[in-house]
Amino acid sequence: MMKKVFARPKSLTEVPFTYCPGCHHGIIHRLIAEVMDELNIAQDTIGIAPVGCSVFAYLFFNCDMIVAAHGRAPAVATGIKRVKPNNIVFTYQGDGDLASIGTAEIVHAANRSEKITVIFVNNAIYGMTGGQMAPTSLEGQVTQTSPYGRDPKTMGMPIRMCELLSTLNSPAYIARVALTKPAYIIRAKKAIKKGFQYQIDGKGFSLIEVLSTCPTNWGLSPKEANEWLEKKMIPYYPLAEFKNVEEVS
Amino acid sequence: MAKVIIDQERCKGCELCTIVCPQKIMVMSKSFNKKSYHPAEQINPEKCNGCAFCAMTCPDVALEVYK
Amino acid sequence: MVERLLMKGNEAIGEAAIHAGCRYYFGYPITPQSELTAYMARRLLKIEGAAFIQSESEIAAINMVYGAAAAGGRVMTSSSGPGISLKQEGISYLACAELPCVIVNMMRGGPGLGSIQPAQGDYFQATKGGGHGDYHLIVLAPSSVQELVDLTIKAFDLADKYRNPAMILGDGLLGQMMEPVQFKEFQKERIPSKEDWALGSCQGRKPRRIVPFNLDPDELEKIVNKIGRKYEDLPKEVQYEVVNMDDPDIVVVAYGTVARVVKTVIQKGKKEGINIGLIRPITLYPFPYAVINDAANRVKQILVAEMSLGQMVEDVKLAANGKSKVFFYGRTGGVVISPVEIWEEVKKILNQN
Ligand SMILES: Cc1ncc(C[n+]2csc(CCOP(=O)(O)OP(=O)(O)O)c2C)c(N)n1
Ligand code: SF4
Ligand code: SF4
Ligand code: SF4
Ligand SMILES: [Mg+2]
């Protein structure tokens, strides 16, 4: 008899993902769902979908879901969690959503240490609207709105959200992960699981930044996109745990 | 002995599973699925070690692994 | 006997909200309603399970309201002018998602940063939508501290009944005014159960989704049409006050603070032999078209007085439907209309026509 060693997590619905071939949004969804399965929390979880390619995330998770206005998911999560403190609340947000239009909301939710888990998908671009510059787009990166490459003189340098939020005292857990190889994926899942576990334990705010590909708007094949992420993004966005209440220095 | 089941209709032909497979037995099929993608298929299935790297990497959760 | 308390308008709203079972408040300070935010902090931070947050912005506040309402909480936010403008995106989402909540706008002079004095320039914003898309708020316009109490409670009930955001449209003067108020007993049972739609634990039921969009125009049209049918039902909630309307020589239509001023002018008119009638809309949306239409059949002149360049006057003209002449008198920028001004205007209109 063979044992199933890898199967579709129950916390995912059967609906096929709407993402482009090779897009990491799908891997991230699956990891969240696996964690929900393993912690047995799907029945008590409320997820908040952003505006961005993952606006359809509400279709994919087997738990209560709500779509928030662009960037406002941390505020919406705050409202939900304050009314339903016994539910598990997570937001799922892109880089335009979290690091541009929703900067105020994420900083203050983190600073209040709302007991929520934030999954931050950094793909260095605005996917949904067709490839405009994101606050996280790399120096020199060509996008629809930085056609000559991102020029730090006038466009600023890419924002490192984990580092920025780690300057706050209150958050419980802040980490950056990637998904370009199995070892990374295993680590990413551990980080996401910690994020949810800390919420269950009432430790406070957690954020997991996932470096993610957008093959479509990067103009690369999925394989090339993975390579670009490893070669260009990881050196600028180091993979690390930036904050962990369990390891107070 | 291990086995990978491919849901060819979920597959979007991204090829990421072919890169991570240590046995190099995940390849792209010449045929099309309903969404007009070339889905993944396994050659020499007896070589599969059940590591599930392919499934772990698949963005569309198209793979199941038995061991 | 229900006890009478002397309360400031802004604080009375806060107490009324708590009285009505509101346990969640999210807001950002702005004059002339900051006492309300402070009052909610004082009260809610002492109630187990309740939440008060001074949010990072009005945008965050309204989105916290969106989340709290989605989770089934009785929830309120409040602001004025610029802050209400910032809330519009969230208000539109609340309307689309059919989530109940109460939003208080203690109007101040605008546009821009404007002034912090009382005004009525947000009538269009409140009654015609304000945010993007096809929706309305339920809008209630108190004109005394007691009404701030009664209408705040009513706003929660109507918001729940229609699953639509409701707005208290007051002004800076009402917020600062001290008057005696009574809180009638409030039966908790009248808060409808939200168990059949609010987010929470999906054990034993299908997961729920609150989705304020649909990319398929036919599907979105269905959503908007469903919301639209609620607005067709709303006229039965119309509320207004009429004063001295038995045999008026002229009718004044005014709401909120201005209606109080008109009441003084009515007394002066009586002494001088002029019968001034008053129609005071209490619900601004739904608007009391019928009673104004009826008045237009009976008098030749209607005067609309507002602390704006003229906003409600458009609804009064629609209601009068050409049957009587509709005049307008307004002061704006935070200037409160004085009784003398209205009296002079009434005389001018009666002399000329
Ligand atoms: C208030 C507002 N402004 C702009 C938009 C248009 N918009 C939709 S998604 C998006 C950017 C999405 O980028 P990101 O958050 O990085 O998500 P991704 O699609 O890359 O996953 C923008 C600008 C909007 N929906 N609402
Ligand atoms: S546009 Fe980019 S981020 Fe959006 S689904 Fe496609 S690959 Fe993913
Ligand atoms: S389970 Fe491992 S060996 Fe087998 S096909 Fe997948 S990646 Fe290759
Ligand atoms: S990773 Fe998944 S979607 Fe991509 S080719 Fe392999 S099976 Fe198909
Ligand atoms: Mg992005």
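In what follows, the accompanying structure is described. Each residue is numbered by its place in its chain's sequence as written, counting from 1. Chains and ligands are labelled by the order in which they are written, letters from A for the one and numbers from 1 for the other. In keeping with the model being predicted, local features are shown solely for residues with a pLDDT of at least 70 and side-chain atom pairs are shown and tallied solely at 80 or more, while totals for entire chains, interfaces and linings include all residues. Values reported for side chains reflect all heavy atoms of the structure, with hydrogen atoms and water molecules removed beforehand.

1. With respect to the overall build of chain C
Here comes step 1: The helix and strand labels rest on DSSP assignments: H or I over at least four residues marks a helix, E over at least two residues marks a strand, and numbering proceeds from the N terminus. Within chain C, the secondary structure is distributed over twelve helices and 15 strands.
Here comes step 2: Using C-alpha atoms as the atom set, the radius of gyration is obtained and then compared with a globule rule of 2.2 Å times the number of residues to the power 0.38. A compact globule built from 353 residues would reach a C-alpha radius of gyration of about 20 Å, and chain C, at 21 Å, matches this within 12%.
Here comes step 3: Each residue's exposure class comes from its accessible area (1.4 Å probe, protein chains only) as a fraction of the maximum for that residue type: buried when under 20%, exposed when over 50%, partly exposed otherwise. Taken across its 353 residues, chain C has 59% of its residues classed as buried.
Here comes step 4: If you sum the accessible surface of chain C, you get close to 14100 Å²; carbon and sulfur atoms cover 51% of it.
Here comes step 5: When charges are tallied, Lys and Arg are placed among the positive residues and Asp and Glu among the negative ones, while His and the ends of the chain are skipped. Working definition for charges: the position is that of NZ of Lys, CZ of Arg, CG of Asp or CD of Glu. In chain C, 40 side chains carry a positive charge and 40 a negative one; their mean positions are 2 Å apart. Note on areas: these come from Shrake-Rupley sampling with a 1.4 Å probe, and a residue is covered only by the protein chains present in the view.

2. Focus on unusual backbone geometry
Here comes step 1: With an omega dihedral of 5 degrees, the bond running from Thr31(C) to Pro32(C) counts as a cis peptide bond.
Here comes step 2: Among the structural elements, Pro32(C) can be located in the loop between β2 (24–27) and α2 (34–44).
Here comes step 3: Even without being glycine, Glu15(B) reaches a positive phi, approximately 75 degrees.
Here comes step 4: Locating Glu15(B) in the fold gives a position in the loop between β1 (3–6) and α1 (16–20).
Here comes step 5: By relative accessible area, Glu15(B) is classed as partly exposed at 40%.
Here comes step 6: A positive phi angle, near 55 degrees, is found at Lys24(B), a position not held by glycine.
Here comes step 7: Within the secondary structure layout, Lys24(B) lies in the loop between α1 and β2 (26–28).

3. Overview of the coordination of the magnesium ion (ligand 5)
All names here are of chain A.
Here comes step 1: Donor selection uses N, O and S atoms within 2.8 Å of the metal (3.2 Å for Na, K and Ca). Since no water is included, sites may look incomplete. Taken together, Asp95 (OD), Asn123 (OD1) and Ile125 (O) make up the full set of protein donors to the magnesium ion (ligand 5), lying 2.1 to 2.3 Å away.
Here comes step 2: Read N to C, the donor residues that coordinate the magnesium ion (ligand 5) are spaced as D-x27-N-x1-I. Taken as a pair, asparagine 123 and isoleucine 125 share a single burial class, namely buried.

4. Description of the pattern of salt bridges
Here comes step 1: What makes a salt bridge here is a side-chain nitrogen of Lys or Arg within 4 Å of a carboxyl oxygen of Asp or Glu, nothing more. A full pass over the atoms with the stated rule returns 42 salt bridges over all chains.
Here comes step 2: Between Asp60(B) and Lys12(B) there is a salt bridge; the shortest N-O distance is 2.8 Å. On the criterion of sequence distance, the pair formed by Asp60(B) in the loop between α2 (53–57) and β4 (63–66) and Lys12(B) in the loop between β1 and α1 is long-range, its members being 48 residues apart.
Here comes step 3: Classification of Lys12(B) as buried rests on a relative accessible area of 7%.
Here comes step 4: A single network of salt bridges, built from pairs that share partners, joins Arg30(A), Glu34(A), Glu38(A), Lys189(A) and Lys193(A).

5. Overview of the sheet that holds strand β8 (residues 240–244) of chain A
Whether parallel or antiparallel, the strands of a sheet pair through hydrogen bonds between backbone atoms.
Here comes step 1: At least two DSSP bridges between two strands are required for those strands to pair. The eight strands lie next to each other as β8(A)-β6(A)-β7(A)-β5(A)-β4(A)-β2(A)-β3(A)-β9(C), forming an open sheet whose pairing is mixed. Single-partner strands in this sheet number two, and they are β8 of chain A together with β9 (209–210) of chain C.
Here comes step 2: Of the pairings in the sheet, the one linking strand β2 (residues 45–49) of chain A to strand β4 (residues 88–94) of chain A comprises four bridges and is parallel in character. Paired with Ile46(A) across the bridge in β4(A) is Val89(A).
Here comes step 3: Pairs of residues are marked as contacts when any of their non-hydrogen atoms sit within 4.5 Å. Helix axes use the C-alpha atoms of the stretch in contact, all axes being lines fitted to C-alpha atoms, and the angles between their N-to-C directions lie in the range 0 to 180 degrees. Lying over the sheet, helix α1 (residues 25–39) of chain A contacts β2, β4, β5 (117–122) and β7 (206–211) of chain A, oriented at roughly 170 degrees with respect to β4(A).

Keep in mind these values describe shape, not function.
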